[in-house]
Amino acid sequence: KDKEKEKVNVGLAEVCMFYLPGITRTERDKGTLYELTFRGDSTHEFRRLVLFRPFGPLLKVKSEKMDTADVLINIIVPLSRRTEKFRHFMHNFREVSVRQDGRVHLTVVYFGKEQMSEVRSMLENTSREVNFKNYTLLQLDEEFSRGRGLDVGARAWKGGNVLLFFCDVDIYFTTEFLNTCRLNTQPGKKVFYPVLFSQYNPTLIYGSPEHIPPVEQQLVIKKDTGFWRDFGFGMTCQYRSDFINIGGFDIDIKGWGGEDVHLYRKYLHSNLLVVRAPSRGLFHLWHEKHCADELPPDQYRMCMQSKAMNEASHGQLGMLFFRHEIEAHLRKQKQNPK
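To keep things clear, this report deals only with the structure shown in the data block. Computed from a prediction, not measured in an experiment: that's the story for all the values here. (Residues numbered from 1 in each chain as written. Predicted model: local features only at pLDDT ≥ 70, side-chain atom pairs only at ≥ 80, totals over all residues. Heavy atoms only, no water.)

Side note on helix α10 (residues 297-311)
Counted at 1.5 Å a residue, the expected span for α10 with its 15 residues is 21 Å, and the 22 Å between its end C-alpha atoms agrees. Those residues of α10 that are buried lie in contact with β10 (190-199), β11 (226-228) and β13 (273-284). (Helix = DSSP H or I, 4+ residues; strand = E, 2+ residues; numbered from the N terminus. Expected span 1.5 Å × (residues − 1). Contact = heavy atoms within 4.5 Å.)

A look at the pairing of strand β3 (residues 45-54)
The pairing of strand β2 (residues 31-39) with β3 spans 9 bridges and is classified as antiparallel. By the bridge assignment, L33 is partnered in β3 with F52. Between the antiparallel neighbours β2 and β3 lie 5 residues. Here β3 hands over to strand β4 (residues 59-67) after 4 residues, the two strands then running antiparallel side by side. (Pairing = 2+ DSSP bridges.)

A closer look at the pattern of salt bridges
For the coordinates displayed, the defined rule picks out 14 salt bridges. We note a salt bridge from R94 to E129, for which the minimum N-O separation is 4.0 Å. Taken together, the residues R94 in helix α2 (residues 83-101) and E129 in helix α3 (residues 116-130) connect sequence positions 35 residues apart. D151 is the salt-bridge partner of R155, the closest N and O atoms lying 2.6 Å from each other. Linking R155 with D151, this pair stays in helix α4 (residues 146-156), spanning 4 residues, or about one helical turn. A relative accessible area of 34% means that R155 is categorised as partly exposed. D151 sits in the buried class, given a relative accessible area of 7%. Linked through salt bridges whose partners overlap, the residues forming this network are E27, D29 and K30. (Salt bridge = Lys/Arg side-chain N within 4 Å of Asp/Glu carboxyl O. Buried < 20%, exposed > 50% of the residue type's maximum accessible area, 1.4 Å probe, protein only.)

As for the state of the cysteines
The term disulfide refers to a covalent linkage connecting the sulfur atoms of a pair of cysteines. Throughout the structure, instances matching the rule amount to 2 disulfides. What pairs with C181 in a disulfide is C237, and their sulfur atoms sit 2.2 Å apart. Disulfide C181-C237: the torsion about the S-S bond is -125°, which places it as left-handed. Taken together, the residues span a long stretch of sequence, with C181 in helix α5 (residues 175-183) and C237 in strand β12 (residues 236-239) at a distance of 56 residues. By relative accessible area, C181 is classed as buried at 0%. Numbered by order of appearance in the sequence, the disulfide-linked cysteines of the protein chain pair as 1-2, 3-4. C167 takes part in no disulfide bond, and the closest cysteine sulfur, belonging to C237, lies 9.4 Å away. Overall, the relative accessible area of 0% leaves C167 in the buried class. (Disulfide = S-S within 2.5 Å.)

Set out below in structure tokens:
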């Protein structure tokens, strides 16, 4: 019995080694769909097992091999100034996208002229250091608009239909996420809206700036380190053809927020399947938010809500709010030891 148990445990361990995060979706009037993905014999091969459980016995829908070796991802990043953040982004991009994955194109859409030369220099240095030529730098001499930048970046691609990943300079992603992006999109059929994990203010988490570890060590998914940004729709993977056919972004929206929700709703009302699931390989790095006075009331309210949620957990904010009361209690405890 012990040997049989050991064989079962070994078998389970082997399955776990080749299993990627699965997706489950419940349709209220039909049942639950399970999409399970396993690694294949080579690095770029995968096998997908789709199971459907109606309100009755479990049914096997299909089992198929998927080869992602030739699936290029065009990562589009709109940017205005923030060169130090872009430096950190390029460090992650170099390690993950170039050295580990190798099937990406980077499109940077830069607004304005200030610090433009620094951005160009960083891209050229990366190109020399890791022999990476697959990048495009576009410059727009106008007011920053995230939707406008992503729209221009998507339409600038001339190499046929390509998988797009709309990204931001504050995003950290892994090779696991890039594969998830490839596996959950299909031209004319489905788009992927991952739920990313958003980091709290590291200074509040670790107590002081000198105790903050390197970024890679901060990316731990726990309730005290961050939260699942289930209200955010800015990071998305879709094929260029689907983006063009749906009408792209509402480029009349200026500044912060709104354009991503508008695009998401258009996909929901289309014939495409919108895959919405948490992604353990996609992180939003904390940064201080500034909500401009020029924003319309609805955008300003969205910005301030996002700013409040980004700082710390409910419990941590409570400890900060009541810190004077807590400090007074501790002083009394020292004065009156039992």
